[in-house]
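If you want the building blocks of each chain, they are given just below.
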Amino acid sequence: MSISENLNKLYHSFDNSVKLVAVSKTKSNEQIMEAYQAGQKIFGENKVQELVTKYNSLPKDIEWHMIGHLQRNKVKYIANFIKLIHSVDNFKLLKEINQQAKKNNITIDCLLQIKIASEKTKFGLSKDHAKVMLESEEFKSLKNITIIGLMGMASFTNNDEILKNEFSSLNDFFNNLRLAYPNITVLSMGMSYDHKLAIQYGSNMIRVGSLIFGERN
Ligand SMILES: *Cc1c(COP(=O)(O)O)cnc(C)c1O
C-alpha cells in the first residue's frame, strides 16, 4: 500500500481525540510530501541534524516534533521552530530548553519522558523524579517552557500483558498529575506495533513510522 493509503487506514482506526505524529526519520522529502499531501501535518524526528535539514526544505506549516534523545548542546538548533519536544528526560535539558526559548522570545511545549519499560536502554525519568521536579521552586521559575504532558516507550515485546501493564501505569500517573497540573493534557504513547493497545490505555498522541512509510533500513 502507498503512504497515503496507509495514512487513511490509520486515520479511520481512531477518532480525532488522538493526534498522529508521523515518524519520518530516515525517510526522504518526497516520502514526507506524499504524507503531507494526504493531509498529515505533524511529523516526528529523532536526530537534530536531520530535523533541521528537513525543516529548512519542507513546507513551513509542518509541525515538527522532536521525539528522540536530545543533547543539551543541540537545543539551540531547533529552539526557533520546534513545536513539541517529547523527550525531556532530565532537568538540565529542560533548563537549556527554557534558556533557548527565552532567547527566541517564545515558550516551548515539552513532554516529560517517563521510563516505563524494564529494558536498560530506554531513556526516561522515573515517576518519582518527575514529581519532585514538577514540585521544585526551580522548575516553577522556568517561564519559557510548558510541560503539556508525558511520553513513554513500552518494552519491545509482543507480550500484551507486559505492554498493558506499562501503558496503564503511565496512564495512571498521567491522570494523577492532571489533577494538580492543568497544563498536562497530552499522553504520547504507542508506536506502529502497539498503538492500538496504547489508545485503549488512554494515549491521545501516537508516534507511528513504519506503518505509514514502510520499514526502515
Ligand atoms: C522510531 C520511533 C517511533 C516510531 O517507530 P515505528 O515502530 O516505526 O512506528 C516512535 N517513537 C520514537 C521515540 C521513535 O524513535
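First things first, this report covers the structure right here in the doc. If you're wondering where the values come from, they're calculated on a predicted model, not measured in any experiment. (Residues numbered from 1 in each chain as written. Predicted model: local features only at pLDDT ≥ 70, side-chain atom pairs only at ≥ 80, totals over all residues. Heavy atoms only, no water.)

Glancing now at the overall build of the chain. Check the secondary structure of the chain and you find 10 helices and 8 strands. Rg of the C-alpha trace for the chain: 17 Å, near the compact-globule value of 17 Å for 217 residues, within the 12% margin. Counting across all 217 residues of the chain, residues that qualify as buried make up 48%. Taking all contacts inside the chain whose residues are at least 6 apart in sequence as the whole, residues at least 24 apart take part in 57%. (Helix = DSSP H or I, 4+ residues; strand = E, 2+ residues; numbered from the N terminus. Rg over C-alpha atoms; globule rule 2.2 N^0.38 Å. Buried < 20%, exposed > 50% of the residue type's maximum accessible area, 1.4 Å probe, protein only. Contact = heavy atoms within 4.5 Å.)

Glancing now at the site of the ligand. The full set of residues close to the ligand is V23, K25, I67, M153, M191, S192, R207, V208, G209, S210 and R216. Within the contact set of the ligand, an oxygen atom lies 2.7 Å away from a side-chain nitrogen or oxygen of K25. At 2.8 Å, a backbone N or O of G209 approaches an oxygen atom of the ligand. Taken by itself the ligand offers 390 Å² of open surface, and the protein chains cover 91% of this. For the shell around the ligand, the class distribution of residues is 5 nonpolar, 3 polar and 3 charged. (Near = heavy atom within 4 Å. Polar contact = N/O pair within 3.5 Å; in protein donor to acceptor, adjacent residues only side chain to side chain. Areas by Shrake-Rupley, 256 points an atom, 1.4 Å probe, with all protein chains shown as cover. Nonpolar A, V, L, I, M, F, W, Y, C, P; charged D, E, K, R; others polar.)

Turning our eyes to something else, we now look at helix α8 (residues 160-180). In this model α8 runs 31 Å from its N-terminal to its C-terminal C-alpha over 21 residues, within 8% of the 30 Å that 1.5 Å per residue would give. If you check which residues of α8 are buried, you get L163, E166, F167, L170, N171, F173, F174 and L177. Viewed end-on, α8 has its buried residues packed into an arc of 165°, placing them on one side of the element. In α8, the exposed residues that point more than 90 degrees away from the buried face are E161, N165, D172 and L179. Along its buried surface, α8 packs onto β5 (108-115), α6 (127-135), β6 (145-153), β7 (186-189) and α9 (195-200). For α8, the N-terminal capping position is held by N159, with its side-chain oxygen 2.9 Å away from the main-chain nitrogen of E161. (Expected span 1.5 Å × (residues − 1). Arc of directions from axis to C-beta.)

Opposite charge on two side chains makes pairing possible when the charged atoms of those side chains draw close. Enumeration over the complete set of coordinates arrives at 5 salt bridges. Where K54 meets E50, a salt bridge forms, and the shortest distance between an N and an O atom there is 2.8 Å. Of this pair, K54 and E50 both sit in helix α3 (residues 48-57), 4 residues apart, which is roughly one turn of that helix. Because the salt bridges share partners, they merge into one network encompassing E45, E50 and K54. (Salt bridge = Lys/Arg side-chain N within 4 Å of Asp/Glu carboxyl O.)

To continue, consider the packing of α6 against α8. Closest axis-to-axis distance for the α6/α8 pair is 12 Å, and the angle between their directions is 15°. Between α6 and α8, the crossing angle belongs to the class labelled roughly parallel. With respect to the hand of their crossing, α6 and α8 are arranged in right-handed fashion. Contacts from K127, A130, K131 and L134 of α6 reach α8 at S169, F173, N176 and L177. (Axes fitted to C-alpha atoms, helices over the stretch in contact; angles between N-to-C directions. Parallel < 35°, antiparallel > 145°, perpendicular 65-115°, else oblique. Left-handed = near helix turned anticlockwise from the far one by under 90°.)

Right, let's talk about the pairing of strand β3 (residues 63-66) for a bit. Where strand β2 (residues 42-45) lies against β3, 4 bridges are found, and the strand directions are parallel. Paired with G44 across the two strands is H65, which belongs to β3. Summarising the sheet, β3 and strand β4 (residues 84-88) pair through 2 bridges and their orientation is parallel. Within the sheet, the bridge partner assigned to H65 lies in β4 and is L84. (Pairing = 2+ DSSP bridges.)

Bringing the pairing of β6 into the picture now. Most of β6 sits out of view: 7 of its 9 residues are buried. Bridge count for β5 against β6 is 8 bridges, and the pairing is parallel. Each residue of the ladder has a partner; that of L112, found in β6, is L150. Here 4 bridges tie β6 to β7, and the two strands are oriented parallel to one another. Bridge pairing in β7 places L150 opposite L187.

What follows concerns α6. Within α6 the residues assigned to the buried category are A130, M133 and L134. The buried residues of α6 occupy an angular sector of 95° when projected down its axis, which confines them to one face. Pointing more than 90 degrees away from the buried face of α6 are the exposed residues D128 and V132. On the buried face of α6, the contacting elements are α5 (91-103), β5, α7 (137-140), β6 and α8.

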